[in-house]
Structure formats: structure tokens, C-alpha cells
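The lines below spell out each chain.
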Amino acid sequence: YNPNINIMTSTLKKSSKNILKFFLGVFPVFIAFSLFAQCLFWKYDNFQSLNRTIVVLFSLSYGDIVYETFKSVIPEGFIGQLFLIVFMLLFFTAV
């Protein structure tokens, strides 16, 4: 018996409805961004499949591989960089 584990499980139990609401609100937005990114950047290695696109965007939302992703979408021009900036601002600040 560890009292810290009990505190953690009771906290998760009490907040499970809010966590589910948050997940159900964020998940469709994330999938929409993933599908749009795959449609927009389909010719680049990082966006060849939906699974890979989700992994790349998830990594971007945590601040990983930012430079590499921006560098890989430079040929798309302003729209590619705007997409990545909007995605990162939304998921850095709101999510």
C-alpha cells in the first residue's frame, strides 16, 4: 500500500469525465490537422502515410523536430509554413 498511488488513482477517477471531454474535443481537431497535412505535404517523406503524419504532428506539438519539419516543407512555400505555424501555436498554447 502506497498512499501516493491512492492519491493519484483517486484524482484520475474524479477527473476522468473532464479528461474524456478534453480528449473528445482535441482528437477531431488533431485528426483534421493530420489529414490536411497529409493532403498538403503528401510528397515528403515525413507525410507519406497517415500514421507517419500523426507521429510528426505529435512530435511537433511537443517541440521536437521543428527545424527539420520546417526545412522539409520549404518547397511548399508560404502555405506550408503557415500551416505548421498555426498548428504549433494552437497546440502549444491551447492544448
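Refer to the structure printed above.
Basis of the calculations
- Residues numbered from 1 in each chain as written.
- Predicted model: local features only at pLDDT ≥ 70, side-chain atom pairs only at ≥ 80, totals over all residues.
- Heavy atoms only, no water.
- Phe/Tyr/Trp six-rings, centres within 6.5 Å; stacked < 30°, edge-to-face > 60°.
- Helix = DSSP H or I, 4+ residues; strand = E, 2+ residues; numbered from the N terminus.
- Buried < 20%, exposed > 50% of the residue type's maximum accessible area, 1.4 Å probe, protein only.
- Salt bridge = Lys/Arg side-chain N within 4 Å of Asp/Glu carboxyl O.
- Axes fitted to C-alpha atoms, helices over the stretch in contact; angles between N-to-C directions.
- Left-handed = near helix turned anticlockwise from the far one by under 90°.
- Contact = heavy atoms within 4.5 Å.
- Nonpolar A, V, L, I, M, F, W, Y, C, P; charged D, E, K, R; others polar.
- Parallel < 35°, antiparallel > 145°, perpendicular 65-115°, else oblique.
- Core = buried A, V, L, I, M, F, W, Y, C linked by side-chain atoms within 4.5 Å.

### Things to note about the packing of aromatic side chains
According to the stated counting rule, one finds twelve aromatic pairs in the structure shown. Between F33 and F83, the aromatic rings sit 5.6 Å apart at their centres with planes inclined by 45°, giving tilted as the arrangement. In this pair, F33 sits in helix 1 (residues 3-40) while F83 sits in helix 4 (residues 78-94), placing the two residues 50 residues apart along the sequence. Owing to a relative accessible area of 16%, F33 belongs among the buried residues under this scheme. Taking the centre distance of 6.4 Å and the plane angle of 50° together, the rings of F41 and Y44 count as tilted. Per residue, the accessibility class of F41 equals that of Y44, and both read buried.

### Describing the pattern of salt bridges
Pairing between side chains becomes possible if they bear opposite charge and their charged atoms approach one another. Applying the stated rule across the entire model yields one salt bridge. Salt-bridge contacts for E76 lead to K43; the nearest nitrogen and oxygen are separated by 3.5 Å. Taken together, the positions of E76 in the loop between helix 3 (66-72) and helix 4 and K43 in the loop between helix 1 and helix 2 (50-61) put the pair 33 residues apart, joining distant regions of the chain.

### Regarding the packing of helix 1 against helix 2
When two helices pack together, their arrangement is given by the angle between the helix axes and by the axis-to-axis distance. Contact pair helix 1 / helix 2: the axes reach a minimum separation of 9 Å and the direction vectors enclose 115°. For the element pair helix 1 and helix 2, the recorded crossing hand is right-handed. Here F30, I31, F33, S34, L35, A37 and Q38 of helix 1 lie close against helix 2, whose contacting residues are L50, T53, I54, L57 and F58. Class assignment for the residues of the contact of helix 1 with helix 2 results in nine nonpolar, three polar and no charged.

### Concerning the packing of helix 1 against helix 4
In the contact formed by helix 1 and helix 4, the axes pass within 11 Å of each other and the chain directions differ by 165°. Judged by the inter-axis angle, helix 1 sits roughly antiparallel to helix 4. Between helix 1 and helix 4 lies a crossing of left-handed hand. Here V26, V29, F30, F33, F36, A37 and L40 of helix 1 come into contact with helix 4, specifically with I79, G80, F83, V86, F87, L90 and F91. Taken together, the residues that form the contact of helix 1 with helix 4 break down as 13 nonpolar, one polar and no charged.

### Notes on the nonpolar core
Counting residues in each nonpolar core, the largest one holds 18 residues, and the members touching the most others are F41, F47, L57, L60, F83 and F87. Going through the elements one at a time, helix 1, helix 2 and helix 4 are the ones with two or more residues in this core. The contacts of F47, once residues within four sequence positions are left out, are A37, Q38, F41, W42, T53, V56, T69 and V73.

On their own, these measurements won't tell you what the molecule is for.
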